[in-house]
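An overview of the molecular structure
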Amino acid sequence: MRVRPTGPILPPSNIQGNALMVVIAIMSFLACLTLGSVSMVRSTAASWESQISREITIQIKPDDGLDMDATLKKARDLALSFVGTKEGTIMDDAATARLLEPWLGTGLDLKELPVPRLIIITIDERHPPDFAAMRNLLKTEVPQAFLDDHRTWVDRLVSMAHTTVLIGTGVLILVFTAMILTVIFATRGALSGNRHIVEVLHFVGAESAFVATEFQKHFLKISLKGSAAGGALAALLFATAGFWQSQTRATPETDQATALFGTFTIDFMGYLGILATIIVIALLTTLTARFTVMRTIDEIDLIRSDPARSDGLPGS
């Protein structure tokens, strides 16, 4: 005896389901886009802070009768004598001229201008040197030297980074709140169009758990399709922006964008957050569908026990 396969209780595709899928996809895209942006800002701020905190600068001011080359080497050797320093780099005339090009143009002759020379010292971030002792020694041995440990810039950068991340987190919370409310109301709206199916199944004797499970499976598929589409689109946007930035380096547009926003790529935790957002949206839609179906069945039982109460129930 051949058993005919049964069809789905709910129609696989209808107007309410398609509309819900589009709403979920849009809210998933916005939530993942905001999450990725906050992750990108946090990573960029941490990179800026790390780059500044692992370098110090020694500035040698020009003076009459000063042998600049010898003074630069002496200051570098004095700085490297301290525990916590790794290497020192003396910026040559060409590198110094490139720093001044935006203001003074090209073709500079640094010997004719009183331009300070710089020494970049790389330090150990975990075990930094004694900056006060280094500053005093340089002041004694090389009076023209000035040590800048970038502490002021680091403090300002940390404050700016924390403020930016805090604002981004606030926006992320608002977006997730709007997403949750939108998904809940959209799911309830889609279920209201299938209320008659719940009533028929309940009247023919189907158990409440069975009906709720069938609706739960149906809306789980819809939510997974919508949230996966929105999350994948957001991840593709970040990947495309990162690829474009890597292919257009050393151009004025890309340099300005990198200086303002950092890299447009997000790390592994950012993509993991997008995946978590997709899962949360799917679970949220599924639980909303189950609770709504169970509530609908309770309303039906309430009406059957006392038809006079149907006037105060929604959708009856």
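Below you will find a few notes about this structure. (Residues numbered from 1 in each chain as written. Predicted model: local features only at pLDDT ≥ 70, side-chain atom pairs only at ≥ 80, totals over all residues. Heavy atoms only, no water.)

Focus on the nonpolar core
Put simply, the rule reads: The criterion is simple. A nonpolar core is a set of buried Ala, Val, Leu, Ile, Met, Phe, Trp, Tyr and Cys residues joined through side-chain atoms within 4.5 Å. The buried label applies to any residue whose accessible area, calculated with a 1.4 Å probe on protein chains only, is under 20% of its type's maximum; exposed applies above 50%, and partly exposed to all values in between. Only DSSP runs of H or I reaching four residues or more are called helices, and only runs of E reaching two or more are called strands; each is numbered from the N terminus. Contacts: residue pairs with any heavy atoms within 4.5 Å of one another.
By size, the foremost hydrophobic cluster in this structure holds 24 residues, and its most contacted members are V211, F215, F219 and V293. Elements represented by at least two residues in this core include exactly α1 (15-53), α5 (151-192), α6 (195-203), α7 (208-247) and α9 (268-305). In terms of residue count, α9 provides more of this core than any other element does, 6 residues in total. Among residues more than four places away in sequence, those in contact with V211 are V198, L201, A206, V293 and I297.

Observations concerning helix α4 (residues 131-141)
For clarity, the cut-off: Directions are taken from the helix axis to each C-beta atom, and the arc is the one they span. A 3.5 Å cut-off defines polar contacts: any pair of N or O atoms within that distance qualifies, except that in protein one atom must be a possible hydrogen donor and the other a possible acceptor, and neighbouring residues in sequence count only when both atoms are side-chain atoms.
By the burial criterion, the buried members of α4 are F131, M134 and L138. The arc that holds every buried residue of α4, seen down its axis, measures 60°, which confines them to one face. For α4, the exposed residues set more than 90 degrees away from the buried face come down to K139 and T140. N-cap assignment for α4: the residue whose side-chain oxygen lies 3.3 Å from the backbone N of A132 is D130.

Examining the packing of helix α2 (residues 68-80) against α4
Using the following cut-off: Axis definition: a line fitted to C-alpha atoms, over the contacting stretch in the case of helices. Angles run 0 to 180 degrees between N-to-C directions. We call two directions roughly parallel when the angle between them is under 35 degrees, roughly antiparallel when it is over 145, roughly perpendicular when it lies between 65 and 115, and oblique otherwise. In this scheme, a crossing is called left-handed if the near helix is turned counterclockwise away from the far one by less than a right angle; it is called right-handed if the turn is clockwise. For this classification, the nonpolar set comprises Ala, Val, Leu, Ile, Met, Phe, Trp, Tyr, Cys and Pro, the charged set comprises Asp, Glu, Lys and Arg, and every other residue, Gly included, is treated as polar.
It is the contact of α2 with α4, at a shortest axis distance of 10 Å, that shows an interaxial angle of 150°. Put simply, α2 runs roughly antiparallel to α4. Our pair here, α2 against α4, has a crossing hand that is right-handed. Each of K74, A75, L78 and A79 in α2 lies in contact with α4, whose residues at this interface are M134, L137, L138 and E141. When grouped by side-chain class, the residues that make up the contact of α2 with α4 number 6 nonpolar, no polar and 2 charged.

Details of the environment of T285
Position of T285 relative to the elements: it lies in helix α9. On the basis of relative accessibility, which here comes to 0%, the residue T285 falls in the buried class. Through-space distance from the C-alpha of T285 to that of V183 is 6.5 Å; in sequence the pair is 102 residues apart. Apart from the residues within four sequence positions on either side, T285 is in contact with L20, I24, V183, T187, F219 and S223.

A few points about the packing of α6 against α7
Axis separation between α6 and α7 bottoms out at 10 Å; the angle between their running directions is 150°. Between α6 and α7, the angle is such that the two are roughly antiparallel. When you trace α6 past α7, the crossing you get is right-handed. Contact residues: α6 offers I197, V198, L201 and H202, while α7 offers S208, V211 and F215.

Side note on the pattern of salt bridges
The criterion, for reference: Whenever a carboxyl oxygen of Asp or Glu lies within 4 Å of a side-chain nitrogen of Lys or Arg, that contact is scored as a salt bridge.
Overall, the coordinates contain 2 salt bridges when judged by the stated rule. Of the charged contacts, one joins K74 and E141 as a salt bridge, the two residues approaching to 3.8 Å between their closest N and O atoms. On the criterion of sequence distance, the pair formed by K74 in helix α2 and E141 in helix α4 is long-range, its members being 67 residues apart. With a shortest N-O distance of 3.7 Å, R76 and D77 are connected by a salt bridge. Residue class for R76 comes out partly exposed when judged on its relative accessible area of 24%. A relative accessible area of 44% means that D77 is categorised as partly exposed.

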